[in-house]
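# Architecture and fold: a report
One letter stands for each residue in the lines below.
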Amino acid sequence: MTAVSALGDTDQDVNRGDGGELAAGPFAVDARVDKLFFYPCNDCHAFMDTNKSVRELDVEEGHPAQLAHGSGLIWCFSCHDESDYDRLRNLRAEPIDIDRGYQVCIGCHSQKYRDWAGGAHGKRVANWRGERRLYSCVECHNPHQPPIEPRAPQPPPPVRAGLEPMIPGDDYQSHDPRRPEWEHLDVR
Amino acid sequence: MIRFFFDAFRSMFSGDRNYWLWLTFLGAVFALGCLNYAQQLQHGLVVTGLSDQVSWGFYISNFAFLVGIAAAAVLLVIPAYIFERKDIKGVVLLGEGIAVAAVIMAMLFVVVDLGRPERIWHMIPLIGRLNFPLSLLAWDVVVLSGYLLLNLAIPFYILYSKYRGVEPRLDLYFPFVVLAIVWAISIHTVTAFLFSANPARPYWHTALLGPRFIASAFVSGPALMIVIFQVMRKITAFQVKQSVIDLLALIMTFALQINLFFVIAELFTDFYNEGAHSASIRYLFLGLHGFGSLAPWIWIALTFNVIAVIILTIHPLRRKMLTLNIACVLSFVGIWIEKGMGLVVPGFIPTPLGEIFEYSPTSVELAVSLGIWALGLLIFTLLAKLVMAVEQERIHRPAS
Amino acid sequence: MSDDKVDKTDTGTVATRRNFLRNFGVGAAGAAAATIPTPSPAWDGLTFREAFDEFFRKHYKKMSPEEIERTLTRIERRAKRRFGVDIDCKNTPAQEGVVFGYAINLSACKGYRDCVSACVKENNVGRDSQVQYIRVLEMDRGNMNLEESEHYYDPETVPVEGKYYLPVQCMQCDDAPCVKACPVEATWTEPDGIVVVDYDWCIGCRYCMTACPYWARHFNWTEPQIPPEELNTDTHYLGNRPRPRGVVEKCHFCTQRTREGRQPACMEACPTGARVFGNLLDPDSEIRYVLENKTVFRLKEDLGTEPKFWYYTD
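What counts and how
- Residues numbered from 1 in each chain as written.
- Chains lettered and ligands numbered in written order.
- Predicted model: local features only at pLDDT ≥ 70, side-chain atom pairs only at ≥ 80, totals over all residues.
- Helix = DSSP H or I, 4+ residues; strand = E, 2+ residues; numbered from the N terminus.
- Buried ≥ 20, exposed ≤ 12 C-beta atoms within 10 Å, placed from the backbone.
- Contact = placed C-beta atoms within 7 Å.
- Rg over C-alpha atoms; globule rule 2.2 N^0.38 Å.
- Pairing = 2+ DSSP bridges.
- Nonpolar A, V, L, I, M, F, W, Y, C, P; charged D, E, K, R; others polar.
- Axes fitted to C-alpha atoms, helices over the stretch in contact; angles between N-to-C directions.
- Left-handed = near helix turned anticlockwise from the far one by under 90°.
- pLDDT = per-residue confidence, 0-100.
- Core = buried A, V, L, I, M, F, W, Y, C linked by C-beta atoms within 7 Å.
- Expected span 1.5 Å × (residues − 1).
- Parallel < 35°, antiparallel > 145°, perpendicular 65-115°, else oblique.

Looking only at helices and strands, one finds 6 helices and 5 strands in chain A. The secondary structure elements of chain A, listed N-terminal to C-terminal, are α-β-α-α-β-β-α-α-β-β-α. Expressed as a percentage of its 188 residues, the buried residues of chain A come to 20%. Expressed as a percentage of contacts within chain A between residues at least 6 apart in sequence, the contacts between residues at least 24 apart total 56%.

What chain B contains, in helices and strands, is 16 helices and 0 strands. Scaling as 2.2 N^0.38, a compact globule of 400 residues should have a C-alpha radius of gyration of about 21 Å, and chain B matches this with 22 Å. Projected onto its principal axes, the C-alpha positions of chain B cover 70 × 55 × 40 Å. Taking all 400 residues of chain B together, the buried fraction comes to 50%. The contacts in chain B between residues at least 6 apart in sequence include a share of 77% that link residues at least 24 apart.

Moving on: the sheet that holds strand β13 (residues 296–297) of chain C. All names here are of chain C. Reading across from one edge, β12-β4-β14-β13 is the order of the 4 strands in this open sheet, with mixed pairing throughout. Since the sheet does not close on itself, it has two edges, and those belong to β12 (275–279) and β13, each with one partner. As defined by bridge partners, strand β4 (residues 100–105) adjoins β12 across 5 bridges and the pair is classed as antiparallel. Its bridge partner lying in β12, Ala 103 is registered against Val 276.

Here we take up the interface of chain C and chain B. Taken residue by residue, the interface counts 47 residues in chain C and 39 residues in chain B. Only β5 (135–140), α6 (177–181), α7 (207–211) and β9 (217–219) of chain C provide two or more residues apiece to the side of chain C that touches chain B. For the side of chain C that touches chain B, the element with the most residues is α7 of chain C, which contributes 4 residues. Grouping the constituent residues of the side of chain C that touches chain B by class yields 28 nonpolar, 11 polar and 8 charged.

As a further point, take the pairing of β4 of chain C. Residues and elements named next belong to chain C. Taken across its 6 residues, β4 has 6 buried, putting it largely inside the fold. Side chains Phe 100, Tyr 102 and Ile 104 of β4 all project onto a buried face; the interleaved residues Gly 101, Ala 103 and Asn 105 project onto the opposite face, where all are buried too. In terms of strand pairing, β4 meets strand β14 (residues 309–312) through 4 bridges, oriented parallel. Residue pairing across strands places Ile 104 opposite Tyr 311, the latter belonging to β14.

The next thing to look at is the packing of helix α12 (residues 295–313) of chain B against helix α14 (residues 321–339) of chain B. Each packed pair of helices is defined by two parameters, the angle between the axes and the distance between the axes. All names here are of chain B. At a minimum axis distance of 8 Å, the contact between α12 and α14 shows a crossing angle of 145°. The interaxial crossing formed by α12 with α14 has left-handed handedness. Residues Trp 297, Ile 298, Ile 300, Ala 301, Phe 304, Asn 305, Ile 307, Ala 308, Ile 311 and Leu 312 of α12 lie in contact with α14, whose contacting residues are Thr 323, Ile 326, Ala 327, Leu 330, Ser 331, Val 333, Gly 334, Ile 337 and Glu 338. Partitioned by chemical class, the residues of the contact of α12 with α14 number 14 nonpolar, 4 polar and 1 charged.

With that settled, consider the confidence of the model for chain B. Within chain B, residue pLDDT values average 93, and 100% of them lie at 70 or more. For this predicted complex, the interface confidence score (ipTM) comes to 0.93, while the overall pTM stands at 0.88.

Residues and elements named next belong to chain B. With 219 residues, the main nonpolar core has Leu 66, Ala 70, Ala 73, Ile 98, Ala 102, Ala 106 and Phe 109 as its most contacted residues. A total of 16 residues in this core trace back to one element, the largest contributor, which is helix α6 (residues 92–113). Setting aside its immediate chain neighbours within four residues, Ala 106 contacts Phe 63, Leu 66, Val 67, Ala 70 and Leu 144.

Let us now look at the sheet that holds strand β4 (residues 124–125) of chain A. Sheet strands line up and pair through hydrogen bonds in the backbone, either parallel or antiparallel. All names here are of chain A. Strand order in this open sheet of 3 strands is β1-β5-β4, and the pairing throughout is mixed. Lying at the two open borders of the sheet, with one neighbouring strand each, are β1 (28–29) and β4. Here β1 pairs with strand β5 (residues 133–134) via 2 bridges, running parallel. For Ala 28, the partnering residue across the bridge sits in β5 and is Arg 133.

What follows deals with the confidence of the model for chain A. Averaged over all residues, the pLDDT of chain A is 76; the fraction at 70 or higher stands at 73%. Low confidence marks residues 1–21 of chain A, where pLDDT is under 50. Its contacts with residues over four positions away, or in another chain, come to 26 contacts.

For helix α8 (residues 170–196) of chain B, with 27 residues, the first-to-last C-alpha span of 38 Å sits near the 39 Å given by 1.5 Å per residue. Where α8 of chain B is concerned, the buried positions are Ala 180, Ala 184, Ile 187, His 188, Val 190, Thr 191, Ala 192, Leu 194, Phe 195 and Ser 196 of chain B.

Here we come to the environment of Arg 129 of chain B. Topologically, Arg 129 of chain B is positioned in the loop between α6 and α7 (136–163). Among the residues examined, Arg 129 of chain B registers 22 C-beta atoms within 10 Å and is labelled buried. Beyond its immediate sequence surroundings of up to four residues, Arg 129 of chain B is in contact with His 122 of chain B together with His 59, Val 184 and Glu 185 of chain C.

This brings us to helix α2 (residues 17–43) of chain B. An α-helix turns once per 3.6 residues; consequently, residues spaced three or four apart project the same way. Residues and elements named next belong to chain B. In a regular helix each residue adds 1.5 Å, so 27 residues correspond to 39 Å; α2 covers 39 Å between its end C-alpha atoms and thus fits that length. Among all positions of α2, only Leu 26, Gly 33, Asn 36, Tyr 37, Gln 40 and His 43 are buried. In this structure, the buried residues of α2 make contact with α6 and α16 (363–391). Among the residues trailing α2, Gly 44 stands out with phi positive, at a value near 95°.

The next point concerns the environment of Met 225 of chain B. Residue and element names in this part refer to chain B. With respect to the helices and strands, the residue Met 225 is situated in helix α9 (residues 209–235). Note on Met 225: 26 C-beta atoms within 10 Å, which makes it buried. On a C-alpha basis, the gap between Met 225 and Cys 328 in space is 9.3 Å, while along the polypeptide they are 103 residues apart. Not counting the four nearest positions on each side in its chain, Met 225 is found in contact with Gly 95, Ile 98 and Leu 248.

Attention now goes to unusual backbone geometry. Outside of glycine, negative phi angles account for most residues, and trans bonds account for most peptide bonds. A cis amide bond, omega -5°, links Ile 349 of chain B with the succeeding residue Pro 350 of chain B. On the secondary structure map, Pro 350 of chain B appears in the loop between α15 (341–344) and α16. Along the chain, Val 158 of chain C connects to Pro 159 of chain C via a cis peptide bond; the corresponding omega equals 0°. Residue position: Pro 159 of chain C is located in the loop between β5 and β6 (163–168). Although it is not a glycine, Glu 306 of chain C adopts a positive phi angle of roughly 55°. The topology assignment puts Glu 306 of chain C in the loop between β13 and β14. By the C-beta count within 10 Å, which is 13 here, Glu 306 of chain C ends up partly exposed.

This brings us to the environment of Ala 265 of chain C. All names here are of chain C. Position of Ala 265 relative to the elements: it lies in helix α9 (residues 265–269). Sequence separation between Ala 265 and Lys 90 is 175 residues, and the spatial gap between their C-alpha atoms is 17 Å. Contact partners of Ala 265, with chain neighbours within four places excluded, come to Ala 118, Cys 119, Glu 122, Cys 254 and Arg 257.

Moving on, we come to the packing of helix α10 (residues 242–271) of chain B against α12 of chain B. Residues and elements named next belong to chain B. Between α10 and α12, the least distance of the axes is 9 Å, while the angle of their chain directions is 135°. Relative to α12, α10 is oriented oblique. Between α10 and α12 the crossing geometry is left-handed. On the side of α10, the interface is formed by Ala 249, Met 252, Thr 253, Leu 256, Gln 257 and Leu 260, while α12 contributes Asn 305, Ala 308, Val 309, Leu 312 and Thr 313. Residues that form the contact of α10 with α12 fall into these classes: 7 nonpolar, 4 polar and no charged.

Okay, here's the thing in structure tokens:
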């Protein structure tokens, strides 16, 4: 059972701020720290120099070296706090708790945040009424590689017991809704 | 009155060798049907070819067709009692016998289609809960039961009066006759509405379905009656005047012409500007996305009906018994296909979610259906025997 | 899909799935009967009084609380007989001031079908009867024609380029055509908006299935086969209690869960959070946020059934 971060004032501020009136009520967000492998970061980084030049990292497995996020417009210290590796930072260089990591995402993805706070995006856990618990953005989206990878679907529906699946006749042509003269254009 | 039932029973079950052969044959087919139905009761409706996609099939196809046959009895009732045609009056009781047999068959087809037939009492008002007037199926139950009662009560009164040598009192039964005429139209209209009430099924959701049902009923009913009356004329001493057959053939002609006009109207409306709503009729006539198992059947039905209407429209051919009989058989089969499988199954293809899943009846369904048809023929045979016995005064206990 | 699964029935007869399928092919005869699970014994494990009560039961809406209690007990005993498992059958009523609504984010649905299998397990749906309350359609992007959808998609991975995924289940219509169609009132709309089925009252005529425009209602052509170890013991009378064969069933918004504040199983199972569920009467609910702020639409709006199931995009 994951620890749920308390409904602190910070959440209320964020919640009731710009776009807060669109939110669907106060909520708590599931904690992240107990799901991280390389944490606390300062265990190693307290003994390392800080190199602020933008570059490709040469690090071991599990620690992201590339950033497939932002099309090259952001890099590590856009979100990570260089003075305290156990914290993140927002656009105003204020420190952000790892458990409140979604407040970093808000800086660029404000519309998505509003949808998430309102309930149109993301996942609510456990119940539909009562204490509202949401998944943080990073439960689904790896911030270093946010797009969700395709995966195999569950099997197709079965056919009634005793009947065979329908197989079309030999002269069946798959119906392409596009007109043939449009085929050279990529109208999709 | 008790003696009437004894005498009736006696008359029904006395006859020559051929008669007993006929009864035995029908009984055997019925028994085979019962055996197969027992298998269906044992394992559930999974023994049929039905599916969630096509959830009504051969049973309901026969049901829709037979309600039409039952309604067509009115074609004898109207000339007999309203227009006082003596020749028709001689056979009207047989027509009502056909109606009784057809209604019982129709009801049985619904019963064998039910998933939980032991719960059928849930439809009885007060002890169960009948969703009347909202549910069209509830309406159908009410009107079919009423029609059965009417077609048992009126002939019973007339037969019993004749049996007692008493003239049946017209003022007593005439109101019920009028009721029966209206009721006959209503049973088939309600059955049509059962299908046309569903906007989820564009193939059925047409105002034309009610008129189509009546028109096709007035083809298949007389076709059956013409053949049955000729058979009876030949093998029994029962008198059926030629004018009766002429009238039925004439009604059939108009009805088939109108029915074919309706078919043309449907085909034009659905194919001229073809949208998603035309998918079912395209599946039926031309096949859709590689599936078209019903297409040969509907084209055969259409061909039969066209040949029949040509024969019927040409006076000399209609008057000649050989060609008339060919027309009757062709149109009976044609309407059975068109109104049965050709109506019920395409309504489900494609499904409301656009899936094409075909249906064909299994041997269990066919055997049960044949059994019910055999039972219907059996019921009619027995009733006809009784009518003849009373008419010819072979059973007769005059009131003293 | 055609692997040989061994089905163990409560009578101990072992029938392989292939046998089971072959038996109900065209022209099945008595030889097959030996491998079919035999019907339950007399009174199905109930006492005579219970069986008598069950046959001559009243309609749900006419039953007194004691009669309902006895019905629940009967269902639990029958489940014990059939599956050897103790279940709990509740009759939690609809909550005050709640009308359920559901929305699916088509930008988030990737076609995994996790919802479909979670629903089957949660709701004790028969594994071999083909019944699945949810059907996910694979549609071409730019196309709303359901006739061109693919129901049986099975690619290596989803989502497939150029397609979107449309899960369809019971829409819990406010003006449900199935409720009107049922001749015995075995299906009706509850105060919280859920269209429920009383499986002990349904006569199996399947008229409701012809009436439904969303293909949401399904029929138990055969006895629902549920592996006893997978039986969900937390059941509701109008929901996922074990059903007999020959009756209609459908999605009921997981009455056993939602009437106690839990999420429906499909919503809980969805890994992308594409499903939004809540109380339409609560202005602060997520479902209301979606309806008020996103571009929503409903399927077959023109039929006037007033579904309580919406679709939207980001």
